[in-house]
Structures are given as C-alpha cells and as structure tokens.
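# A look at the structure
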Amino acid sequence: MRKMNMARCLGILLFSVMSLWLGMSQQTHRVQAVQVGNIPVDVKAVFPENQNGMVTGYFDFEIASGQSNNLTLEFTNTADKEQTLTVEPVVGGTTYQGELNYEPTDRKADSSLKLPFTDLTSKKQTVTLAGKETKQVTFPVQIPQTTVNGIVLGSLYVSSEQANKEALKARSKKRMKVINTYALYFGVVLRVNDWESAKPDFRLNRVVPKLINNDPGVGVDLQNFEPAMIKDKALSIKARVTQKGSTKTIKHYNMKASFAPNSTLSYPITWGGDRITAGNYTVHMDLKTSDKTWHLKRNFTITGEQAEKLNQANQPKKNYMWLWILIGILAILLIIIFVIYMYKRGRQTGRQSVQNQPQNRGSRKKKH
Amino acid sequence: MKFTKTSLLFSTAILLGSALTGLTGVAQAADQALLDKDGNPISGVSSGQENGAEVINGDATAGSAAGESTVGIGFRAGNLTLNQVPNFDFGGENDFMAQTDFTLFNEGAELNYTDDSGTAPRPRALIVTDARGADDSGATNGWKVSVNFKTLLTKGDTTLGEAGDATAAPILQLSSAVEPTPVTFDTANHDTIAVGTTVTDSGSPLYTAAAPVLQKTGVTDFLDVPSNTTDPTTVVTANATQGLRGWAVNYKAKDSVHLQVPIEQQYIGVFTAKLNWTLGNAPA
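What counts, and at which threshold
- Residues numbered from 1 in each chain as written.
- Chains lettered and ligands numbered in written order.
- Predicted model: local features only at pLDDT ≥ 70, side-chain atom pairs only at ≥ 80, totals over all residues.
- Heavy atoms only, no water.
- Helix = DSSP H or I, 4+ residues; strand = E, 2+ residues; numbered from the N terminus.
- Buried < 20%, exposed > 50% of the residue type's maximum accessible area, 1.4 Å probe, protein only.
- Contact = heavy atoms within 4.5 Å.
- Areas by Shrake-Rupley, 256 points an atom, 1.4 Å probe, with all protein chains shown as cover.
- Pairing = 2+ DSSP bridges.
- Axes fitted to C-alpha atoms, helices over the stretch in contact; angles between N-to-C directions.
- Core = buried A, V, L, I, M, F, W, Y, C linked by side-chain atoms within 4.5 Å.
- Arc of directions from axis to C-beta.
- pLDDT = per-residue confidence, 0-100.
- Phe/Tyr/Trp six-rings, centres within 6.5 Å; stacked < 30°, edge-to-face > 60°.
- Lys NZ or Arg CZ within 6 Å of the ring centre and 35° of its normal.
- Patch = residues over 30% accessible without salt bridge, like charges linked within 9 Å, V, L, I, M, F, W, Y side chains within 5 Å.
- Salt bridge = Lys/Arg side-chain N within 4 Å of Asp/Glu carboxyl O.

With an unreviewed UniProt entry as reference, chain B is termed WxL domain-containing protein, source organism Agrilactobacillus yilanensis.

For chain A, an unreviewed UniProt entry supplies the name DUF916 and DUF3324 domain-containing protein and the organism Agrilactobacillus yilanensis.

Okay, here's the thing in structure tokens:
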C-alpha cells in the first residue's frame with residue numbers, strides 16, 4: 001500500500017518537473033511577421049537610341065570596343081514624404097536552379113570573366129527624392145579597347161536601404177521571426193563587338209561535398225567560360241554520379257537551365273535521405289542545346305571525414321536534458337526518502353532518547 | 001515581461017492538464033489586437049511586438065495569418081508592379097526543441113473575401129501586375145519574382161550557415177501546387193483585390209494570357225528555398241505570353257508553406273528569417 005503511494009508520488013513529481021521544463025522551452029517560441037512600409041516610388045527605364053526595339057522591359061543594345069552609352073533610370077516619388085533609394089550595378093550570373101541571376105551575391109567574379117559589368121560603369125548610386133519629385137539617374141557605360149566579342153550581362157538593382165533598415169529594426173528579441181524586404185532590377189544586356197561569334201562552351205571544375213537542402217550531396221561547378229548566354233532554359237543537363245570505374249549510376253539529377261555568359265552553376269546532386277559514403281566517384285554530365293552537345297566528366301573523392309560531417313549535419317544533437325531531469329527526480333526522491341527516514345528516526349530517537357542513547361550515532365553509522 | 005510570465009504559467013498549467021495526451025493546443029493568448037476607439041483593429045499596428053501578435057487589416061479573430069506587405073516600389077504605374085508579398089507567420093506555441101518542421105500559424109483569407117462588417121482581410125498572397133505588352137509592338141517581356149532567404153542572428157546581420165559547409169540550415173518550403181489566380185489590384189481603392197477570370201478576347205484584354213509558372217524543387221510539390229546559399233531562389237516566372245495583367249498566388253492553407261529549422265540551429269538562439277523579394281525584368 002505504501003509502495004503504491006510512493007509510485008503515485010513519483011509519477012506526479014515526474015509529471016510536474018517535465019511540465020515545467022516543457023513549459024519553459026515553449027514560451028519563447030513564436031515566428032513573427034513584420035510589415036515593411038511602402039516605398040511609393042515608380043521606376044522606369046529610359047532607353048538609349050540604339051536599344052533593341054523588340055525589348056521594352058530592360059536594357060539591350062549593341063556597343064563596340066571604345067564606345068560609350070548611357071543607362072538611365074527615371075524615378076518618380078508618388079508620395080509626399082522623402083524617399084531614398086540605392087541603385088547598384090550587379091554582374092549577371094547563374095543560380096543553382098539554372099536561372100539567370102541579376103541580384104547581388106557573395107560569389108567571387110568568375111575566373112573566365114574578362115568584362116565584368118561592374119567595371120564598365122559607375123559605382124553604386126544613392127538617389128534621394130523629395131515628395132512628388134521625378135529624377136533621372138544615369139549609369140554611363142564605357143567599353144575599353146578590347147578584342148572580346150560577346151555579351152556582358154548584368155543589372156541595375158534597386159532597393160531601399162531605408163526600408164530594409166526599418167524592417168530589420170522591427171526585429172524583436174523573439175526566437176524566430178520573418179521579415180520581408182524588397183527590391184527590383186532592370187536587366188542589362190550589352191552586345192559587345194561581334195557578339196554573335198561567341199558560343200557557349202562548358203567545363204567541369206571543382207566538385208564540392210556539401211549539404212543540398214540539408215541532405216548530403218555534392219555541388220558540381222559547371223562553368224560556361226565563353227561570353228555567350230543561353231536564355232529561356234534552352235540548355236538541358238543530365239547529370240549522374242557513379243563509383244569511379246563503374247557504370248552503375250548511384251545518384252542522378254536533371255535540369256533545364258539558362259546560362260549567363262562567363263558564369264558558374266553550382267550543380268546540386270543530392271543523396272536524398274541516403275548516407276554518403278567515402279570513396280572515389282565520377283560525375284558524368286550530358287549537356288544539350290539545339291545545336292550542340294557536350295559530354296563532360298570529372299572524378300572526385302569524398303573522404304571519410306567529409307562523409308561523416310555531411311551525414312551527421314542534419315542529425316539532432318544529443319540532448320542530455322532527460323539525464324538532468326532524471327538526476328533532478330532522483331535528488332528529490334533522495335531528499336524525500338531522507339526526510340521520511342529522518343522523521344521516522346526522529347520518532348525512534350525520541351523514544352530512544354528516553355533511554356539515554358546518543359542521538360548522532362545512528363547517522364554516523366549510516367554514512368559508511 | 002509581465003506577459004511572458006503569465007504565458008509561462010499559463011502554458012505550464014495547460015501542460016499539467018494535458019501532458020499525457022500530448023503537447024498540442026496551447027492557447028493563443030498572445031494575439032491581442034490594438035483597437036481603435038470604435039473597437040476596430042488598427043491596421044498594421046501590433047500590441048507589443050514582443051508577444052508576436054500582429055494584426056493586419058483584418059479582425060482580431062481572423063488572426064495574423066493574412067499578413068499584408070503592400071509594396072509601393074514598382075515600375076511606373078500601369079506597367080509592371082509587385083503589388084504585395086505574402087507575410088509568413090509561423091507563430092503559435094510550437095514545441096520548440098522537439099520540432100523541426102513548422103507550418104503557418106493559421107489559415108489565410110480568400111482573395112476576395114469580405115466579412116459581414118465589410119472588411120476584407122488581406123490574403124497571404126504574392127501579387128504581381130503586368131500591364132505591359134498591351135500594345136502590338138511584339139515586344140518580348142517576361143518577369144520573375146525571386147526570394148532570397150537569409151537567417152540572421154540578432155546581433156548584426158550575420159548569416160547562419162555558410163554556403164557549401166556542412167552546417168544544416170533553415171529551409172523555407174513554398175507550395176508549388178497553389179493555382180495562380182487572375183486578379184485586379186486596385187491601388188486607388190484601398191488596394192482592393194478583385195478576382196477575375198482568364199479572358200483571351202483581345203477586345204476585353206483584362207486577362208489575356210496564361211498563368212505564370214510556379215517553380216518547384218525536383219518532383220516535389222514544394223519549392224525549397226535554402227538559407228545557406230547566396231543565390232536567390234526563383235519562385236514564379238512568366239514569359240512574354242504568361243502572367244499578363246494581375247496574378248495572385250495565395251498561400252491560403254496552413255501547410256502551403258513550411259519552415260524547416262534543424263534542431264542544432266534552434267540551440268543557437270534568436271534569429272530572424274529575412275526574405276528579400278525581388279521583381280525582375282530581364283532575359284530569363
């Protein structure tokens with residue numbers, strides 16, 4: 001009977017300790033959404049005279065070695081409040097999705113890139129608009145004396161640092177929160193010299209073991225080292241990985257891609273839910289456009305250490321909370337037992353003290 | 001601070017009551033709207049950001065899912081505009097350490113829903129209006145909306161997880177099964193959204209083209225937006241014949257957007273998920 005009570009007691013204890021802990025771990029967790037104020041500014045491209053007549057949305061024109069031209073954006077503040085915008089020239093690239101990228105990234109300039117757009121025009125400009133003001137901002141483009149024939153791809157990227165800062169400032173100290181910031185860009189296509197003579201060409205560079213959406217995998221650097229671009233996902237890519245010397249496909253991934261001139265696509269091949277194992281591998285890539293095909297391959301090695309790191313990365317870290325709880329419960333139990341023991345002993349001692357027994361003998365004995 | 005304690009006690013109390021049946025359904029006491037003198041919620045104003053409440057344009061009971069983010073930065077009116085981006089709220093009292101997959105806090109509003117009191121809760125939608133190409137110039141124009149997902153530590157703008165390294169990073173997953181809906185977005189009339197139908201008659205060229213295309217990852221129904229790449233992720237694209245006039249992608253369902261946060265990142269502490277939405281006008 002007493003044993004049962006004890007068990008019940010333990011149950012309640014366990015229960016409340018756990019609840020307290022869970023309650024604590026829960027209370028800070030909310031993901032927030034925060035608004036960003038309006039940026040009431042219209043932006044319009046003002047095209048040069050030789051703009052490709054078929055293109056009305058972005059800059060696209062021919063330009064020869066030594067020539068210059070202007071890229072102009074017209075801003076209109078539709079509100080009464082002053083607005084500040086930033087316009088930044090960006091080098092065009094290719095994303096891991098096989099999309100043309102016109103947004104700033106941390107990537108280094110491509111090793112094959114001879115005419116980066118950012119070297120041909122002015123630096124980032126800030127434009128401040130009074131209420132209802134309309135203002136033009138010009139980026140002069142100057143092509144140096146060059147024998148390069150091909151396309152220079154880039155963009156004028158417009159954002160509001162002011163609004164982005166406000167959004168960031170709205171962050172509270174909550175655990176997780178989602179904020180939105182905004183930007184837009186106008187593409188820039190400069191067709192330099194005899195640009196039509198350039199044709200895309202590809203090679204495989206590094207193979208980097210990495211996490212692809214938190215699963216083990218590799219990123220294969222596929223580079224277009226010519227100043228020619230592929231639009232509208234006209235490049236089809238079939239990639240597969242085999243053990244070195246084997247023909248058996250371990251993993252494969254296909255993609256339709258666009259490709260910026262002189263750019264590198266970090267081609268993702270994931271092992272999915274499977275573990276990646278150390279060893280020597282070969283990646284085979286078949287590329288196809290309407291008029292050309294490429295068969296590329298490259299060997300790579302995954303070391304035991306790399307494999308281990310990737311396989312472990314998405315595993316939950318060991319959580320020793322249960323151990324602390326257990327220790328806590330045991331400690332409380334010990335205290336309770338001790339208290340009960342002392343109480344009973346106290347009653348006994350009370351009786352014994354009548355018989356003139358020293359009070360502390362028993363407890364000293366207990367220690368050994 | 002006072003609230004936090006209450007919340008802790010509250011959740012503890014509820015847990016005491018329900019721990020055996022699981023850790024679900026902790027009360028949403030946090031969501032309190034700031035009300036104006038008539039008792040109506042004030043748009044865009046939250047009562048204490050520290051509680052995670054944000055009431056947007058709608059009534060308090062509809063909750064905060066229908067986040068409004070009206071974007072005024074755009075091309076000249078009448079051309080190409082990013083009217084609105086969805087505001088993702090993964091709120092709710094989630095079981096933090098035991099969970100890595102978070103869905104949206106609650107159901108969003110329909111695109112053209114108006115409640116009895118005449119208020120229209122803002123749907124959790126991405127809306128783009130392309131009014132170019134209405135002439136017969138044969139001009140080739142498309143557009144693209146991409147999102148760049150960064151998770152920032154509270155101090156500074158440091159990003160969690162390095163591209164190419166072996167650190168598991170948060171991933172945002174957007175449903176690609178949501179049907180883009182033709183709409184008109186009336187900026188002159190309180191940003192009213194009206195749902196239209198696809199019309200191919202050039203005599204009434206309100207919606208003259210095919211829907212824009214939602215991107216997805218592999219063969220799944222979701223687009224994975226990783227936070228550990230510096231590349232932006234393309235969400236929706238339209239070529240010259242697609243996405244003309246207004247189109248909305250309404251992430252209405254709770255599970256139309258997921259946020260995956262690896263356990264090890266949850267140990268790091270406070271961070272902000274920053275979504276930079278970019279409207280692009282360039283060769284695709």
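Turning to the overall build of chain A, a few remarks are in order. When helices and strands are counted, chain A shows 6 helices and 18 strands. Within chain A, the fraction of its 368 residues that count as buried is 47%. Sequence separation of 24 or more characterises 73% of the internal contacts of chain A that already satisfy a separation of 6 or more. Carbon and sulfur atoms make up 54% of the accessible area of chain A, which amounts to about 19,400 Å² in all.

The next subject is the sheet that holds strand 5 (residues 101-103) of chain B. Strands belonging to one sheet form pairs held by backbone hydrogen bonds; the direction of such a pair is parallel or antiparallel. Residue and element names in this part refer to chain B. Strand order in the open sheet formed by 4 strands is 5-15-8-12, and the pairing between neighbours is antiparallel. Strands with a single pairing partner mark the edges of an open sheet, and in this sheet they are strand 5 and strand 12 (222-226). With strand direction ignored, the average angle separating the axes of adjacent strands in the sheet is 20 degrees. Note: strand 8 (residues 171-175) against strand 12, 5 bridges, orientation antiparallel. Looking across to strand 12, one finds that Ile171 is bridged to Pro226.

This paragraph deals with unusual backbone geometry. Trans peptide bonds make up most of the peptide bonds, and negative phi angles are found at most residues other than glycine. Residues and elements named next belong to chain A. Notably, Asn214 is not glycine yet its phi reads approximately 70 degrees, a positive angle. Notably, Asn262 is not glycine yet its phi reads approximately 45 degrees, a positive angle. Residue placement: Asn262 occurs in the loop between strand 15 (249-259) and strand 16 (263-270). The exposure class assigned to Asn262 is buried, which follows from its relative accessible area of 7%.

Let us look at the nonpolar core. Core analysis: the biggest nonpolar cluster contains 62 residues, and Leu73, Phe75 and Leu190 of chain A together with Phe88, Leu172 and Trp277 of chain B have the highest contact counts within it. The leading source of residues in this core is strand 11 (residues 176-192) of chain A, at 7 residues. If you look at the next biggest cluster of nonpolar residues, it comprises 33 residues, including Leu235, Leu287, Ala307 and Ala313 of chain A.

Next up on the list: the environment of Leu172 of chain B. All names here are of chain B. As for its placement among the helices and strands, Leu172 is situated in strand 8. A C-alpha to C-alpha distance of 6.3 Å links Leu172 and Pro226, two positions 54 residues apart in sequence. Residues within four places of Leu172 in sequence aside, it is in contact with Phe88, Phe90, Phe149, Leu223, Asp224, Val225, Val257, His258, Leu259 and Leu275.

In this section: helix 3 (residues 161-169) of chain A. Residue and element names in this part refer to chain A. Those residues of helix 3 that fall on the buried side of the exposure criterion are Ala163, Asn164, Ala167 and Leu168. The buried residues of helix 3 occupy an angular sector of 140 degrees when the element is viewed end-on, so they sit on one face. Residues Lys165 and Lys169 are exposed on helix 3 and point more than 90 degrees away from its buried face.

For the rest of this paragraph, the subject is the side chain of Thr86 of chain A. Counting through the fold element by element, Thr86 of chain A comes out in strand 5 (residues 83-91). The contacts of Thr86 of chain A, once residues within four sequence positions are left out, are Lys124, Gln125, Thr126, Tyr157, Val158, Ser159 and Glu161 of chain A.

Turning next to the confidence of the model for chain B. Residues and elements named next belong to chain B. The predicted model of chain B averages 65 in pLDDT, with 52% of residues at 70 or higher. The model gives residues 1-78 a pLDDT under 50, and that stretch makes 180 contacts with residues more than four places away or in other chains. Segment residues 199-207: pLDDT under 50, and 17 contacts once partners within four positions in sequence are set aside and those in other chains are kept.

Residue and element names in this part refer to chain A. Inspection of the entire model under this criterion finds 9 aromatic pairs over all chains. A ring pair is formed by Phe202 and Trp294, whose centres lie 5.0 Å apart and whose planes are at 90 degrees; its orientation type is edge-to-face. Of this pair, Phe202 sits in strand 12 (residues 202-212) while Trp294 sits in strand 18 (residues 293-302), placing them 92 residues apart in sequence. With respect to class, Phe202 is no different from Trp294; both count as buried. Following the ring pairs from residue to residue traces out a cluster consisting of Phe202, Phe259 and Trp294. Sitting over the face of the ring of Trp195, Arg191 holds its NZ or CZ atom 4.5 Å from the ring centroid.

Residue and element names in this part refer to chain A. Overall, antiparallel pairing links the 3 strands, which are arranged 12-13-16 in an open sheet. If you trace the sheet from one side to the other, it starts and ends with strand 12 and strand 16, each paired once. Recorded for the sheet is a direction-independent mean angle of 25 degrees between the axes of neighbouring strands. The sheet strands contacting helix 4 (residues 304-313) are strand 12 and strand 13 (215-224), and the helix crosses strand 12 at an angle near 55 degrees.

Right, let's get into a nonpolar patch on the surface. Residue and element names in this part refer to chain A. Nonpolar side chains collect at one region of the surface, where Met321, Trp322, Leu323, Trp324, Leu326, Ile327 and Leu330 lie side by side and expose about 720 Å² of accessible area between them. Assignment of secondary structure puts Trp322 in helix 5 (residues 321-354). The class of Trp322 is exposed, set by a relative accessible area of 52%.

Here we take up the environment of Ser263 of chain A. Residues and elements named next belong to chain A. With respect to the helices, strands and loops of the structure, Ser263 is situated in strand 16. Here Ser263 falls in the buried class, since its relative accessible area comes to 3%. In this structure the C-alpha to C-alpha distance between Ser263 and Asp221, which are 42 residues apart in sequence, comes to 9.8 Å. Not counting residues up to four positions away in its chain, the partners in contact with Ser263 are Gly93, Thr94, Asp110, Leu222, Gln223 and Asn224.

We now examine the pattern of salt bridges. One pass over the full model with this rule turns up 9 salt bridges over all chains. Across the pair Glu99 of chain A and Lys233 of chain A runs a salt bridge, and its minimum N-O distance is 3.0 Å. Of this pair, Glu99 of chain A sits in the loop between strand 6 (93-94) and strand 7 (100-101) while Lys233 of chain A sits in strand 14 (residues 230-243), and the two are 134 residues apart along the sequence. In this structure, Lys251 of chain A and Asp274 of chain A form a salt bridge, with 2.6 Å as the shortest nitrogen-oxygen distance. Of the two residues, Lys251 of chain A sits in strand 15 while Asp274 of chain A sits in the loop between strand 16 and strand 17 (279-288), which places them 23 residues apart along the sequence. Exposure remark for Lys251 of chain A: the relative accessible area of 16% places this residue in the buried category. A cluster of three or more residues bridged by salt bridges with shared partners is formed by Glu99 and Lys233 of chain A together with Lys144 of chain B.

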